[in-house]
Every structure is written in structure tokens, then in C-alpha cells.
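Chain residues, written in single-letter form:
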Amino acid sequence: MILSPTPENLQNAIALLRQGHLVGLPTETVYGLGGDATQDMAVAQIFATKNRPDFNPLIIHGFSADSFKEHVIWTDQAEILANAFWPGPLTLILPKQRTAPFSLLASAGLPSIALRVPHHPVAQALLRDFGGFLAAPSANKSGRTSPTLSHHVAEDFPDLFILEGGPSPIGIESTIVDLSEGSPTLLRPGGIGREEIETLIGPLAIPSSQTIKSPGLLKSHYAPRLSLRLNVTHPQEGEAYLAFGPLSSQGNHVLNLSETADLCEAAANFFRMLRLLDQPSFSGIAVAPIPFYGLGLALNDRLERAAAPREF
Ligand code: TXA
Ligand code: MG
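Visitor: An account of the sheet that holds strand β14 (residues 285-287) is requested, with residue identities and associated values reported.
Guide: Across the sheet, four strands lie side by side as β11-β14-β12-β13; this open sheet has parallel pairing. Edge positions in the sheet fall to β11 (228-229) and β13 (254-256), since each has one partner strand and no second. Two elements, β11 and β14, share two bridges in a ladder whose sense is parallel. The residue bridging Leu228 from the neighbouring strand is Ile285, located in β14.

Structural data, given as C-alpha cells:
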């Protein structure tokens, strides 16, 4: 349902977000499907709701640059670009601090995180009163175009609580600049022109067109140090076991993604549990079969990438 952004509806939206539910919010670029970036289940719901077959990492939206600084490695270039373009249609990718509160699923297990401070007044009001961080991809089902009107969002998600914000004034997604490694790279052209950025920090590297389509997916995706064996029902002696569903074997080498075989809960636990099991005392990590539907598609996608022979 589409609701006007009255103080009461903003408070209702915030209450929903705190409970881990999702909200459709207007930004100056496109409408976002927002959830509390610190709650694993809320972030898993974003992937489930969008029907994504993969875990492409999400952009974290905050009220101000200051709200982000302690959670990333903030650089001089980040300072220059944030001063010039935030709030606004620019996303910066920066290395994450270990103590950052964001769900590991939001960054798909990557050591970097994508950050943005939107300037749409409704997004600003929501983020200010919420006081936290919202993970928000464009509010469309996977494979559909990004929504620039509230009713586009309602078409894809009729039951979603959507805040009305009028037509998105920019209408294309934010420009993404990667400051997390090496020289600054333009990962996605968008609402802020390349030239405007280059005037301030010098030339931007441009990756291949394939990388631009899906930057988070092709870049050094997270893989555990230990080798992975998939579709294992009986782990070997010495192996850690990432289980799924009701289970007979137990021990401190076993972590269960979801005892009730709930794929959303499994996605919420996935990166954290994989990390916990990735210890040199084990010979490898065996992973239980995960069904190929719903978020199981994205889980299997990540597992296959993580199990594939290493490129480095
Ligand atoms: O304008 C926008 O940016 C909109 C509004 C809602 O803010 N959001 C948006 O989100 O376009 P989304 O999820 O559709 O696109 C996010 C992009 C993805 O291509 C993802 O791969 C990339 O950001 N990304 C996120 N985190 C990344 C990371 N750590 N490294 C590389 N790429 C990352
Ligand atoms: Mg999108």
C-alpha cells in the first residue's frame, strides 16, 4: 500500500523496520526496498522479496557521512567526494571495519561495503528518525526495471508499506565509486557524472563492461580459506559441517543454517556461520544439500562460487 509521508506514517515505517520488516522508500535516484542493515533476517528478507537468484551486495543508506565514519576506513578521497556529493546520488565503496554493525549478508561477505546518503527529503526524514542504517536495493522484482514512481513499487510488491515521495527526480541509480582498493574505480555510471568526480579526485579507472553490470558478483567474492565439499549428508572425520534442516549428528564442528529448513533463516546465518567454521583446526567444510528454490538458489550460487577452484 502507498502511504503519504506524514509524521505518523514515518513512525509506523520505523516501527516496521525495527521489527525487521521492509519498507518501500523514495530516494532521488529510484525507489528502494529498505530493511534494517544490522538485522540478518531483514536483509535476507530483501533478497527473498526481490526474488534474486544470487547475493549481489547491497548499498547501505545512512543519514550522514558522520554516521558511517567509524564503521569503515575513511579516506581523504572519501572525505572529498562526500563533502561534494552527499547527500546525493553517489555510492562509495570502502573497506569495512571489523566492528561494523552491518549484516554480513548485506555485503555478501565482502570485506568492503557500499555506502550512500540520499538527499530525498522523505529518505532523509526516515533515516534521521530511524537513527540506523538501511540496506536498500532498487524496489523491483529481479529482472524488472528500477521503479521511479511509487505505483511501480506497488505493482511488484502489493503488500509492501510504501512511502509516497513523488517521481524520483533523477530516475537512474547512483554512481558507484570503489575506493576500497588501488586507484578509484567507476563501478557503475549513474546520477553523478564521471567528469564531476574526476575534477575532484583525478581519473577514475573503468572496469570491463561485464564487471559494471554486476560489480559485487565478479569481484573477489568471499571464499573461505578451507576447501568446501557440497551436498554432503555425512561429513568425514575432521571436517566441519554446515548443516541444514533437522539433524542427527551434533558436536562443536557442526553449525546448522536452519534446523527448521527455513531458507530465509539459512541466508541470514550463512556468511556468519561459514566464517565461524573456517578454522585451520578443520580439514575442510562439508555443506549439507540446500534446496534449489527461493533463497536456496542464491545460497547454492554462493556455495558453488566458494567451492570452485581458486583464481588466485
Ligand atoms: O540509486 C541507487 O543506488 C539505488 C537506491 C535505492 O539507493 N540502489 C541501488 O541498489 O541501485 P542495487 O542493489 O540495485 O545496486 C547496488 C549495486 C550492485 O550492483 C552491487 O553489486 C554493488 O552496488 N555493490 C554493493 N556493494 C558492493 C561492494 N562491496 N563491492 C562492489 N560492488 C558493490
Ligand atoms: Mg537494481
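Visitor: Account for the side chain of Thr175, with residues named and values stated.
Guide: Positionally, Thr175 belongs in strand β9 (residues 175-178). The buried category is assigned to Thr175, whose relative accessible area is 1%. A distance of 3.3 Å separates a polar atom in the side chain of Thr175 from the backbone nitrogen of Gly191. There is a polar contact of 2.6 Å between the side chain of Thr175 and the backbone oxygen of Ile192. For Thr175, the residues in contact, after removing those within four places along its chain, are Pro89, Leu90, Thr91, Leu186, Arg188, Pro189, Gly190, Gly191, Ile192 and Ile197.

Visitor: Mind laying out the packing of helix α2 (residues 40-50) against helix α10 (residues 263-277), listing which residues take part and the relevant values?
Guide: One way to put it is that α2 packs onto α10 with a least axis distance of 8 Å and a crossing angle of 120°. As summarised for this structure, α2 and α10 are arranged oblique, according to the angle between their axes. By crossing handedness, the relation of α2 to α10 is classed as right-handed. Listed contacts from α10 to Asp40, Met41, Ala44, Gln45 and Ala48 of α2 are Cys264, Glu265, Ala267, Ala268 and Arg272. Along the lines of polarity and charge, the residues of the contact of α2 with α10 split into six nonpolar, one polar and three charged.

Visitor: How would you sum up the environment of Thr91? Please name residues and give values.
Guide: Note that Thr91 resides in strand β5 (residues 90-95). The exposure class of Thr91 is buried, given its relative accessible area of 0%. Along the backbone, Thr91 and Tyr241 are 150 residues apart, and their C-alpha atoms lie at a distance of 37 Å. Excluding anything up to four places from it in sequence, Thr91 contacts Ile59, Ala114, Leu115, Arg116, Ser174, Thr175, Ile176 and Val177.

Visitor: Summarise the sheet that holds strand β8 (residues 161-163); cite the residues concerned and give the values.
Guide: Spatial ordering of the open sheet is given by β1-β8-β2-β3-β7-β4-β6-β5-β9-β10, a layout of ten strands whose pairing is mixed. The sheet is open, and its two borders are formed by β1 (2-3) and β10 (185-188), each paired with just one other strand. Examined bridge by bridge, strand β2 (residues 23-25) and strand β3 (residues 32-36) share three bridges and lie antiparallel to one another. Among the inter-strand pairings, Val23 is bridged to a residue of β3, identified as Gly34.

Visitor: Give a detailed account of the nonpolar core, specifying residues and quantitative values.
Guide: Counting residues in each nonpolar core, the largest one holds 76 residues, and the members touching the most others are Phe55, Ile60 and Trp86. Per element, the largest residue contribution to this core is ten residues, and it comes from α10. Not counting residues within four places of it along the chain, the set of residues in contact with Trp86 comprises Ala65, Phe68, Trp74, Leu81, Leu92, Leu115, Arg116 and Val117. If you look at the next biggest cluster of nonpolar residues, it comprises 16 residues, including Val23, Ala123, Ala125 and Leu127.

Visitor: So, the site of ligand 1: which residues are in play, and what are the values?
Guide: Taken together, 24 residues are adjacent to ligand 1, and Thr29, Asn56, His61, Ser174 and Arg188 come closest. Between ligand 1 and Thr29, the relevant distance is 2.6 Å, taken from an oxygen atom to a side-chain nitrogen or oxygen of the residue. Between ligand 1 and Ser138, the relevant distance is 3.5 Å, taken from an oxygen atom to a side-chain nitrogen or oxygen of the residue. Here ligand 1 has 680 Å² of accessible area as a free molecule, and 96% of this is covered by the chains. Residue assignment for the shell around ligand 1 shows that the elements contributing at least two residues are β4 (59-61), β6 (112-116), β10 and α9 (215-218).

Visitor: Go over α10 with me, naming the residues and quoting the values.
Guide: Under the 1.5 Å per step criterion, the end-to-end length of α10 is 19 Å for 15 residues, consistent within 8% with the ideal 21 Å. If you look at α10, its biggest bend is around 50°, right at Phe270. Along α10, eleven of the 15 residues are buried, which leaves the element largely enclosed by surrounding structure. Burial in α10 covers these residues: Leu263, Cys264, Ala266, Ala267, Ala268, Asn269, Phe270, Phe271, Met273, Leu274 and Leu277. The inward-facing, buried residues of α10 abut α2, β12 (240-243), β13, β14 and α11 (295-307).

Visitor: Give a description of the pairing of β5 that names residues and reports values.
Guide: Among the six residues that make up β5, six are buried, leaving the element largely enclosed by the rest of the structure. Here four bridges tie β5 to β9, and the two strands are oriented parallel to one another. When the bridges of β9 are listed, Leu90 appears paired with Thr175. In terms of strand pairing, β5 meets β6 through four bridges, oriented antiparallel. Bridged to Leu94 within β6 is Ile113.

Procedures and definitions
Residues numbered from 1 in each chain as written. Chains lettered and ligands numbered in written order. Predicted model: local features only at pLDDT ≥ 70, side-chain atom pairs only at ≥ 80, totals over all residues. Heavy atoms only, no water. Pairing = 2+ DSSP bridges. Helix = DSSP H or I, 4+ residues; strand = E, 2+ residues; numbered from the N terminus. Buried < 20%, exposed > 50% of the residue type's maximum accessible area, 1.4 Å probe, protein only. Polar contact = N/O pair within 3.5 Å; in protein donor to acceptor, adjacent residues only side chain to side chain. Contact = heavy atoms within 4.5 Å. Axes fitted to C-alpha atoms, helices over the stretch in contact; angles between N-to-C directions. Parallel < 35°, antiparallel > 145°, perpendicular 65-115°, else oblique. Left-handed = near helix turned anticlockwise from the far one by under 90°. Nonpolar A, V, L, I, M, F, W, Y, C, P; charged D, E, K, R; others polar. Core = buried A, V, L, I, M, F, W, Y, C linked by side-chain atoms within 4.5 Å. Near = heavy atom within 4 Å. Areas by Shrake-Rupley, 256 points an atom, 1.4 Å probe, with all protein chains shown as cover. Expected span 1.5 Å × (residues − 1). Bend = angle between axes of the 7 residues up to and from the residue.

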